[in-house]
Amino acid sequence: MTSANALTGDLAGLVRVEDPAFYDDDQYAVYSRLRDDAPCFWYEPLDIHLISRMSDIRFVSTHPEIFSNTGGLTLNQVRLARGGSVEAFERFNDPEGELVITKDPPRHGAVRKIMTPVLAPRYLSGFQETLERLCREVLDGVPVDQPFDFVTVVAQRLPLLVAAALLGVAEADIDISKMQAWVDALEDLTRVEDASDLEEPGQRFDEMKRFLAGQIEAKRKAPGNDLMSTFLTAHLDGSSVSDAVVLAHISTLMSNGGTTRLMFTSLAARFADNPELIAQCRAEPDLLHAVIEECLRMDPPARGFVRTVLADVTVGGVDLVPGDRVYMLYPSANRDPEAFDRPDEFDPRRTWTASHATFGFGSHFCLGSGLARIEAQLLFAEFIRRFDAIERSGPAEQYSHVQLNGLASLPVTVRPHSEALADLPGTES
């Protein structure tokens, strides 16, 4: 329930984007206040402007000549840079790796071309059989009629297995617990309090890079039909892509399973809270796609990203100058009544008049969005085939994180679909 203070209090005291406790139900009332009263709100603690309207976020995202990605993308980078610790992030983002999300045009386009072919729909369609198998294998581990945590049993396992399969990592080399520790390292990067706190996640990240460097060497000797081998045959500036660039991008793919995990968990929660959805999606298979998009709108896994101003510009009635920073609030844009009718209602049957902001816009539109959508579609299509219901079996735990949005745990119980029961492990036909 929204507190009266969120509706009437002073915005300077209400907006606390660096505090994980800010992201409760009251955040949406605060976003509404921002959109109405201060759509380009100066957040004094970080000397950054918060952008809350969909139209302004679209403008910022589609004008990379004015708003740069190179000065840091997260609130934590901004905060630590203000303390003189900007170099601490180079352990995670080697400048020679030229990570595509940190580049502006025209260099951004050149680096993105390396990634685009291997994440294009045509490539992923050839990977669909493997994806379907992985979805089945993960769901085989779901206990029926017994409480379990959807996060640990399903949501965090599948993205890791998919990333490993895409990269061509041999199943014998897959250690889920280690892979999860690598994902956690990247997530810890965006919530540490001090540069010294980067050391422990840095060690885990270094372990991942050593593992992947070994995989790269193996692929050079025996290439396969996988993403890593494709990278090694790509060219940049007329020459083969350097190991630093390959390593930067496959490290990101491996460790970015966290956002997909959060998306899967949010979808499961939406199905649990809307019991009629499973039967509806079984009767109308096309509806599942709409459920996924509506969940992405309502529950974006990433809360937002930072841009640095390169030229004089006015946003939300505020004049900005080079060197200013803006932070795009995706959850606010996705509930902007100027973009969506009844924005606070979960309605998979809504008529879309605008796309959500969850994957961004323009040249930096998320390269992994197609893969995430396909994973969600295949996972929950198989889930719907197997189960008639998913019910909450205990209180969920919110993920305490400034950058990422979702649930840390989701205790649920699933009920089998009678027609699929004979196909489930441990049952007799």
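Scope of this entry: the structure provided in the associated data block.

What counts and how
- Residues numbered from 1 in each chain as written.
- Predicted model: local features only at pLDDT ≥ 70, side-chain atom pairs only at ≥ 80, totals over all residues.
- Heavy atoms only, no water.
- Helix = DSSP H or I, 4+ residues; strand = E, 2+ residues; numbered from the N terminus.
- Rg over C-alpha atoms; globule rule 2.2 N^0.38 Å.
- Contact = heavy atoms within 4.5 Å.
- Lys, Arg positive; Asp, Glu negative; His and termini not counted.
- Charge placed at Lys NZ, Arg CZ, Asp CG, Glu CD.
- Pairing = 2+ DSSP bridges.
- Axes fitted to C-alpha atoms, helices over the stretch in contact; angles between N-to-C directions.
- Phe/Tyr/Trp six-rings, centres within 6.5 Å; stacked < 30°, edge-to-face > 60°.
- Lys NZ or Arg CZ within 6 Å of the ring centre and 35° of its normal.
- Buried < 20%, exposed > 50% of the residue type's maximum accessible area, 1.4 Å probe, protein only.
- Core = buried A, V, L, I, M, F, W, Y, C linked by side-chain atoms within 4.5 Å.
- Parallel < 35°, antiparallel > 145°, perpendicular 65-115°, else oblique.
- Left-handed = near helix turned anticlockwise from the far one by under 90°.
- Expected span 1.5 Å × (residues − 1).

### Thoughts on the overall build of the protein
- Broken down by element type, the protein carries 19 helices and 14 strands.
- What you see for the protein is a C-alpha radius of gyration of 22 Å, in line with the 22 Å of a compact globule of 429 residues.
- If you take every contact in the protein between residues at least 6 apart in sequence, the share linking residues at least 24 apart comes to 73%.
- Positive and negative side-chain charges of the protein, numbering 40 and 65 respectively, have mean locations separated by a distance of 3 Å.

### Some remarks on the sheet that holds strand 3 (residues 67–68)
- Within the open sheet, the 5 strands sit side by side as 1-2-10-7-3. Their pairing is mixed. The open sheet terminates on both sides in strands that have one partner only, identified here as strand 1 (40–43) and strand 3.
- As paired strands, strand 1 and strand 2 (residues 48–51) are joined by 4 bridges and run antiparallel to one another. Following the sheet pairing, Cys 40 is matched in strand 2 by Ile 51.
- Helix 4 (residues 54–61) rests against strand 2, strand 3, strand 7 (304–309) and strand 10 (325–329) of the sheet, and its axis sits at about 125° to strand 10.

### Some words on the packing of aromatic side chains
- Taken as a whole, this structure holds 14 aromatic pairs when the rule is applied.
- Here the aromatic rings of Phe 271 and Phe 380 are separated by 5.6 Å at their centres, their planes lie at 10°, and the arrangement is stacked. Residue Phe 271 is found in helix 15 (residues 257–273), and its partner Phe 380 is found in helix 19 (residues 369–386); the two are separated by 109 residues along the sequence.
- Of the aromatic side chains, those joined through ring pairs into one cluster are Phe 150, Phe 264, Phe 271, Phe 380, Phe 383 and Phe 387.
- When the ring centre of Tyr 399 is taken as origin, the NZ or CZ atom of Arg 261, which lies over that ring, is 5.4 Å away.

### Observations regarding the pairing of strand 10
- With respect to burial, strand 10 is a largely interior element, 4 of its 5 residues being buried.
- Bridge count between strand 2 and strand 10: 3 bridges; the pairing is parallel. Across the sheet, residue Leu 50 finds its bridge partner in strand 10, namely Tyr 327.
- In this structure, strand 7 lies alongside strand 10, joined through 5 bridges in antiparallel fashion. Counted as the bridge partner of Gly 304 is Leu 329 from strand 10.

### Observations regarding the nonpolar core
- Grouped together as the largest cluster of nonpolar side chains are 88 residues, with contacts concentrated most on Phe 150, Phe 271, Phe 380 and Ile 390.
- Once you skip the residues sitting within four places of it in the chain, Ile 390 turns out to touch Phe 150, Ala 268, Phe 271, Ala 272, Ile 278, Phe 383, Val 412, Thr 413 and Val 414.
- Of all hydrophobic cores here, the second largest spans 23 residues; its members include Val 30, Leu 34, Leu 46 and Leu 329.

### With respect to the pairing of strand 14 (residues 411–416)
- Pairing analysis gives 2 bridges linking strand 4 (residues 148–149) to strand 14, with the strands arranged antiparallel. Residue pairing for strand 14: Asp 149 is matched across the bridge by Pro 411.
- Where strand 11 (residues 387–392) and strand 14 come together, 5 bridges link them in antiparallel fashion. Residue Phe 387 lies in a different strand from strand 14, and its bridge partner there is Pro 416.

### Details of the sheet that holds strand 14
- Taken in spatial order, the 3 strands line up as 4-14-11 in an open sheet, and their pairing is antiparallel. Strands at the two margins of the open sheet, each flanked by one partner only, are strand 4 and strand 11.
- Of the strands in this sheet, strand 11 and strand 14 are in contact with helix 19, which crosses strand 11 at around 105°.

### Thoughts on the packing of helix 17 (residues 287–298) against helix 19
- Closest axis-to-axis distance for the helix 17/helix 19 pair is 10 Å, and the angle between their directions is 125°. The angle between the axes of helix 17 and helix 19 places the two elements in the oblique class. By crossing handedness, the relation of helix 17 to helix 19 is classed as right-handed. Along the contact surface, helix 17 presents Leu 288, His 289, Ile 292, Glu 293 and Leu 296, while helix 19 presents Arg 373, Ala 376, Gln 377, Phe 380, Ala 381 and Ile 384.

### Some details on helix 15
- The end-to-end C-alpha distance of helix 15, which contains 17 residues, comes to 24 Å, matching closely the 24 Å that a straight helix rising 1.5 Å per residue would cover.
- For helix 15, the tally of buried residues reaches 15 of 17 residues, placing the bulk of the element in the interior.

### Regarding the environment of Gly 141
- When you line up the elements, Gly 141 lands in the loop between helix 8 (128–140) and strand 4.
- Accessibility expressed as a relative area gives 47% for Gly 141, which makes it partly exposed.
- It is 8.1 Å that separates the C-alpha atoms of Gly 141 and Val 154, two residues lying 13 residues apart in sequence.

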